[in-house]
Number of protein chains: 2
Amino acid sequence: MQFDVNRDTISQIKQLIADNNDKKLSEMLQELHHADLAEILDAVSFEDAVYIFRLLDSETTAEILTELDDDTREKILSALSPKEIAEEIDELETDDAADIIAELSDEHKEEVISHLEDVEHAKDIVDLLRYDEDTAGGIMGKELIKVYEDWSIFKSVREMRRQAENVDKVFTVYVVDNNEILKGILSLKKMLTTSMKSKVKDIYNNNVISVKVDDPVEEVANIMQKYDLVVLPVVDEMGRLVGRITIDDVVDIIKDEAEKDYQMQAGLTEDVEADDTIFQLVKGRLPWLVLGLIGSLAAVTIMRNFQGIMNNPNLKALFFFTPLIAAVAGNVGVQSSAIVVQGLANGIIRGSVLKRLLKEISISVINGIVLSIIIILFGEVVGYPFIFTFAVSVSLISVIVIASLIGTFVPLILDKNGIDPALATGPFITTSNDIFGILIFFNIARLILHF
Amino acid sequence: MQFDVNRDTISQIKQLIADNNDKKLSEMLQELHHADLAEILDAVSFEDAVYIFRLLDSETTAEILTELDDDTREKILSALSPKEIAEEIDELETDDAADIIAELSDEHKEEVISHLEDVEHAKDIVDLLRYDEDTAGGIMGKELIKVYEDWSIFKSVREMRRQAENVDKVFTVYVVDNNEILKGILSLKKMLTTSMKSKVKDIYNNNVISVKVDDPVEEVANIMQKYDLVVLPVVDEMGRLVGRITIDDVVDIIKDEAEKDYQMQAGLTEDVEADDTIFQLVKGRLPWLVLGLIGSLAAVTIMRNFQGIMNNPNLKALFFFTPLIAAVAGNVGVQSSAIVVQGLANGIIRGSVLKRLLKEISISVINGIVLSIIIILFGEVVGYPFIFTFAVSVSLISVIVIASLIGTFVPLILDKNGIDPALATGPFITTSNDIFGILIFFNIARLILHF
């Protein structure tokens with residue numbers, strides 16, 4: 001049933017639009033899932049996207065809106081009147097509805113809300129707009145099924161039938177007391193397998209995991225992942241059930257978090273994608289390049305201070321090894337920081353600082369010795385004196401130790417101070433290790449080669 | 001209800017074990033979710049882990065097994081007899097059971113299977129063991145609820161009650177025909193809101209997304225994510241319903257995929273973690289370091305060929321800039337390749353190659369000009385002649401253009417040839433760009449400075 005949006009489909013659709021063949025186009029589009037339709041709208045021109053959008057019913061277009069790229073959605077919303085947007089919003093679950101309204105300008109927002117048909121729905125949406133988008137409240141939806149603990153199963157089923165009208169998928173039935181305080185969950189399985197006369201309070205499971213409205217989304221994601229949850233109830237400060245978060249929203253958060261770390265490691269400051277404009281891509285790439293350049297200029301200055309040794313035929317070759325030292329320092333630093341950043345994300349950084357320090361030093365020395373043997377062999381083949389490659393090797397091992405310690409401890413320190421440790425990966429580590437690496441390299445070489 | 005496993009808990013538990021205070025320890029452990037217990041077992045010593053394990057009932061320990069780190073699980077399983085392992089397996093859903101059995105040695109495997117209590121369960125597990133772990137069949141479970149299309153809702157509910165005994169969570173009710181061919185799904189909501197006398201075939205939804213047993217897990221993950229699915233049915237070559245995949249397993253795959261890309265970018269060849277042994281960490285880190293070193297030694301050789309210019313006081317400063325050139329080339333290459341790798345993963349690499357080429361060149365020239373201005377200003381302040389910094393700048397812009405093209409096209413070419421494009425990120429790009437960068441740098445400087 002799923003469907004691959006490929007170039008053939010896109011050109012076929014473009015042709016149908018060009019031919020004004022609305023009948024055939026509608027038939028074709030009706031067959032498709034809204035996620036596929038969103039992919040098509042993202043791929044065609046703005047005019048074609050609006051054309052297709054107007055051909056579809058509002059139930060479908062509302063779902064499409066939630067799946068579109070931010071850019072495409074913004075453009076399409078700007079082509080719709082507040083009343084038209086309100087019609088889309090009326091079709092959506094409260095969490096998706098609130099997300100879309102939150103993207104509108106303040107003025108636009110009020111107008112759209114005033115056009116909403118269902119007052120209860122509108123109230124729920126306005127309520128959700130209050131929460132910060134990075135908190136549980138910001139991603140929760142209001143649609144859920146709840147029963148009161150003193151109801152019978154019979155009454156519960158009847159009430160659930162009524163409530164189910166407004167809920168797209170029935171995942172979990174929540175049990176609350178008369179003060180709306182979340183008490184537990186009622187498993188559908190248990191409902192299917194017990195007598196209709198039982199009371200909810202006798203069969204519900206009080207072992208329910210919940211989050212508070214102001215818990216950060218990363219914590220929500222970790223909890224849902226750790227406990228393999230599909231839906232997670234959200235309570236307010238008093239423990240009253242106010243909403244629920246579904247796994248599909250959290251999957252997106254997990255993916256976004258991973259992409260953010262990946263991009264930071266690659267030296268991309270903004271969330272850039274291959275099909276962004278040149279300007280967006282420059283904005284995402286230039287800042288780290290400038291930072292890296294400034295670091296490299298510091299290294300230039302260090303080397304300038306050692307320019308005297310260029311006159312010594314036995315020493316000038318040290319300059320051939322500076323990019324090597326910088327590269328190894330950079331690679332080692334990135335490895336160390338990546339391991340720490342992932343360890344922090346997965347909560348497996350345990351044990352004492354001293355133990356971690358000794359471990360990093362051991363790994364560095366082993367790696368350094370292997371690399372040194374290669375350098376000394378290379379020197380023998382190419383014709384560098386042993387004392388020279390020995391000096392390079394000793395400096396290299398020192399550089400590796402320092403680089404790995406910087407790579408390990410900078411993210412740990414950032415994390416301890418509440419700063420995203422992923423900031424200390426990629427260009428940041430490469431650059432600082434370039435400078436330290438070259439400084440250490442020349443100074444240790446000087447000790448050994450006596451210049 | 002969730003719970004933070006911290007150092008205090010761990011040391012409290014260690015103390016209770018040391019005191020042989022089984023009663024208090026049991027009480028404490030009973031309160032905890034199996035995911036938290038798994039975290040505790042991962043954190044304590046092997047002996048303590050086995051001690052705790054033996055204190056818990058087999059329903060809990062079975063769930064714990066599925067959540068443990070691979071290392072801890074392997075160790076604990078090795079401490080159990082085949083019969084004890086079979087008791088754990090009896091408690092598990094088929095997919096988790098098959099995963100654990102698959103980790104055992106062939107001989108061990110048969111013995112464990114021979115001890116399984118429930119023959120149907122054992123059959124299902126053996127059946128699952130046939131599938132490759134990287135396919136839909138390899139991650140699916142057999143537990144599901146299905147109804148036949150000519151059943152009434154009344155009969156369906158009765159049969160569902162019976163089937164629900166073996167299914168932990170009721171997510172979706174599948175509809176099959178008499179040949180077991182998957183026809184659609186029956187929404188619980190619809191069941192709650194229609195007459196008990198209706199026939200399944202009159203109310204089921206035939207719009208069901210499914211995968212085939214041999215579809216790769218990455219595709220399964222993409223489909224579940226794209227269509228916001230919580231559970232996905234799996235069919236065999238004939239379209240018969242054979243199992244289902246739940247989102248919690250797919251969340252783990254999505255996370256693993258993202259971590260794999262992150263580690264490749266960081267130059268880690270194995271799936272290493274902060275708490276692995278020194279040997280494992282060296283094994284994960286050394287290969288890319290060696291590769292990077294070999295690349296750097298090639299750069300050493302290139303520079304050696306240009307050593308003559310060290311005698312020219314106006315030119316020798318070129319050597320101060322080699323780490324800068326290598327660093328910029330590396331950073332630019334990593335940025336470009338990361339954007340392509342993410343674009344490929346998200347399926348947004350569209351449009352012609354020529355257009356992509358022109359875009360990369362434009363971005364590179366803009367970034368290059370900004371960096372060049374900084375270098376020229378730096379030169380003015382520090383006292384390098386303009387013609388010198390001009391030559392450095394022109395070379396740098398050329399290096400950036402080439403580096404970004406390599407970073408863009410190497411992953412695209414790998415992908416076209418069915419190789420994981422993420423291989424072309426991190427140290428691979430940094431190293432090859434180091435060599436090209438330094439080669440281009442000296443040659444262009446020679447053209448401008450006439451040496």
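Residues numbered from 1 in each chain as written. Chains lettered and ligands numbered in written order. Predicted model: local features only at pLDDT ≥ 70, side-chain atom pairs only at ≥ 80, totals over all residues.

Points about the overall build of chain A
Scanning chain A from N- to C-terminus turns up 21 helices and 6 strands. Its C-alpha radius of gyration of 30 Å places chain A more than 25% over the 22 Å reference for a compact globule of 451 residues. Judged by the C-alpha coordinates and their principal axes, chain A covers about 90 × 65 × 40 Å. The proportion of buried residues among the 451 residues of chain A is 45%. Residue pairs in contact within chain A that sit at least 24 positions apart in sequence constitute 70% of those at least 6 positions apart. (Helix = DSSP H or I, 4+ residues; strand = E, 2+ residues; numbered from the N terminus. Rg over C-alpha atoms; globule rule 2.2 N^0.38 Å. Buried ≥ 20, exposed ≤ 12 C-beta atoms within 10 Å, placed from the backbone. Contact = placed C-beta atoms within 7 Å.)

With respect to the packing of helix 17 (residues 278-305) of chain A against helix 21 (residues 427-449) of chain A
Residue and element names in this part refer to chain A. Where helix 17 meets helix 21, the axes come as close as 9 Å, and the angle between the chain directions of the two elements is 0°. The orientation of helix 17 relative to helix 21 falls into the category roughly parallel. Side by side, helix 17 and helix 21 meet where W288, L291, G292, G295, S296, A298, A299, I302 and M303 of the first sit next to P427, T430, T431, S432, D434, I435, I438 and L439 of the second. Residue classes in the contact of helix 17 with helix 21 are distributed as 10 nonpolar, 6 polar and 1 charged. (Axes fitted to C-alpha atoms, helices over the stretch in contact; angles between N-to-C directions. Parallel < 35°, antiparallel > 145°, perpendicular 65-115°, else oblique. Nonpolar A, V, L, I, M, F, W, Y, C, P; charged D, E, K, R; others polar.)

Digging into the relation of the copies chain B and chain A
With an axial shift of 0.0 Å and an RMSD of 0.2 Å, the rotation relating chain B to chain A amounts to 180°. Here the copies are linked by what is in effect a two-fold axis. By C-alpha distance to the rotation axis, the residue of chain B lying nearest is P323 of chain B, at 2.2 Å. Most of the interface of chain B is mirrored in chain A: 100% of its interface residues are interface residues there too. (Least-squares fit on C-alpha atoms with pLDDT ≥ 70 in both.)

Observations regarding the sheet that holds strand 4 (residues 211-212) of chain A
Residue and element names in this part refer to chain A. If you trace the 3 strands from one edge of the open sheet to the other, you get 4-5-6, paired in mixed fashion. Edge positions in the sheet fall to strand 4 and strand 6 (241-246), since each of these pairs with one other strand and no more. Here strand 5 (residues 231-235) runs beside strand 6; their pairing, made up of 5 bridges, is antiparallel. Across the sheet, residue P233 finds its bridge partner in strand 6, namely R244. Across the face of the sheet, helix 15 (residues 217-226) comes into contact with strand 4, strand 5 and strand 6 while running at roughly 135° to strand 5. (Pairing = 2+ DSSP bridges.)

Digging into the pairing of strand 6 of chain A
Two faces make up the sheet, and in a regular strand the side chains alternate between them. With respect to burial, strand 6 of chain A is a largely interior element, 6 of its 6 residues being buried. As consecutive antiparallel partners, strand 5 of chain A and strand 6 of chain A are separated by 5 residues, and within that stretch G239 of chain A has a phi angle of approximately 90°, a positive value.

As for unusual backbone geometry
Of note, the phi angle at E180 of chain A is positive, near 70°, even though the residue is not glycine. Mapped onto the fold, E180 of chain A is located in the loop between strand 2 (173-176) and strand 3 (182-186).

A short note on helix 19 (residues 353-382) of chain A
Between the first and last C-alpha of helix 19 of chain A there are 42 Å, a value that for 30 residues agrees with the 44 Å anticipated at 1.5 Å per step. Of all the positions in helix 19 of chain A, only R356, E360, I363, S364, N367, G368, L371, S372, I375 and G379 of chain A are classed as buried. Turning to helix 19 of chain A, the residues buried within the fold contact helix 18 (322-345) and helix 20 (386-416) of chain A together with helix 17 (278-305) of chain B. Directly after helix 19 of chain A, the chain includes G383 of chain A, whose backbone phi takes a positive value near 105°. (Expected span 1.5 Å × (residues − 1).)

Some remarks on the interface of chain B and chain A
Many structure descriptions define interface size as the accessible area lost when the parts assemble. If you look at the interface, chain B gives 96 residues, while chain A gives 96 residues. Element by element, the count of residues in the side of chain B that touches chain A is highest for helix 17 of chain B, at 16 residues. In terms of residue class, the side of chain B that touches chain A is made up of 59 nonpolar, 20 polar and 17 charged.

Focus: the domain arrangement of chain A
You can read the domains of chain A as domain 1 (7-135), domain 2 (145-247) and domain 3 (278-449). Distance from the C-alpha centre of domain 2 of chain A to the C-alpha centre of domain 3 of chain A: 53 Å. (Domains from an automatic or database assignment.)

Things to note about the nonpolar core
Within the largest apolar cluster, 118 residues are counted, with the highest numbers of intra-cluster contacts made by I325 and V328 of chain A together with I325 and V328 of chain B. Apart from residues lying up to four places away in sequence, I325 of chain B is in contact with L396, V399, G437, I438 and F441 of chain B. (Core = buried A, V, L, I, M, F, W, Y, C linked by C-beta atoms within 7 Å.)

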